[in-house]
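Structure assessment
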Amino acid sequence: MEQFIPKSVPTKDRRKKLWMNRTALSLHTNKRQAWMKHKQTTSYTDHVRATQLKNELSRITRSLCREFEKDLSNNVKSNPNAFWRYCNIK
């Protein structure tokens, strides 16, 4: 029975999204740190700060994704490999 039970759990693929840039990634780490601080202190001000960072990150991420997809659709004829790579990810 031991030979059929796996001893390790496969990890998730944690690559960054294609449209994420440096500012979005740094904002993501700031959001995570603010949320961890809120969980430790349960302070209202920490909760407000974490919520503000979450909202800002989602706004920036949506706009970056929209711009990336718009550029991708404009360059389909010249770069079809990028288009199909994005389609396969989706």
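Presented here is a report on the structure given in the accompanying data block. Only a predicted model underlies this, so the values are computations on that prediction, with no experimental measurement involved.

Summing up its helical and strand segments, the chain has three helices and zero strands in all. When the elements of the chain are put in sequence order from the N terminus, they spell out α-α-α. Over its C-alpha trace the chain gives a radius of gyration of 19 Å, far above what one expects of a compact globule, namely 12 Å for 90 residues. Taken along its principal axes, the extent of the C-alpha atoms in the chain is 55 × 50 × 15 Å.

Volume-wise, the largest pocket comes out at about 470 Å³. Lining the largest pocket are 15 residues, and of these Arg14, Arg15, Lys16, Lys17 and Leu18 lie nearest its centre. The set of elements that each furnish at least two residues to the lining of the largest pocket consists of helix H1 (22–41) and helix H3 (80–89). Sorting elements by how many residues they give to the lining of the largest pocket places H3 first, with three residues. Its residues assigned to classes, the lining of the largest pocket shows six nonpolar, two polar and seven charged.

Cut-offs and rules
- Residues numbered from 1 in each chain as written.
- Predicted model: local features only at pLDDT ≥ 70, side-chain atom pairs only at ≥ 80, totals over all residues.
- Heavy atoms only, no water.
- Helix = DSSP H or I, 4+ residues; strand = E, 2+ residues; numbered from the N terminus.
- Rg over C-alpha atoms; globule rule 2.2 N^0.38 Å.
- 1 Å grid on protein atoms, 1.4 Å probe; cavity = no way out; pocket = protein on both sides within 12 Å on 5 of 7 lines; lining within 4 Å.
- Points joined across faces, edges and corners; volume = space filled by probe spheres on them.
- Nonpolar A, V, L, I, M, F, W, Y, C, P; charged D, E, K, R; others polar.

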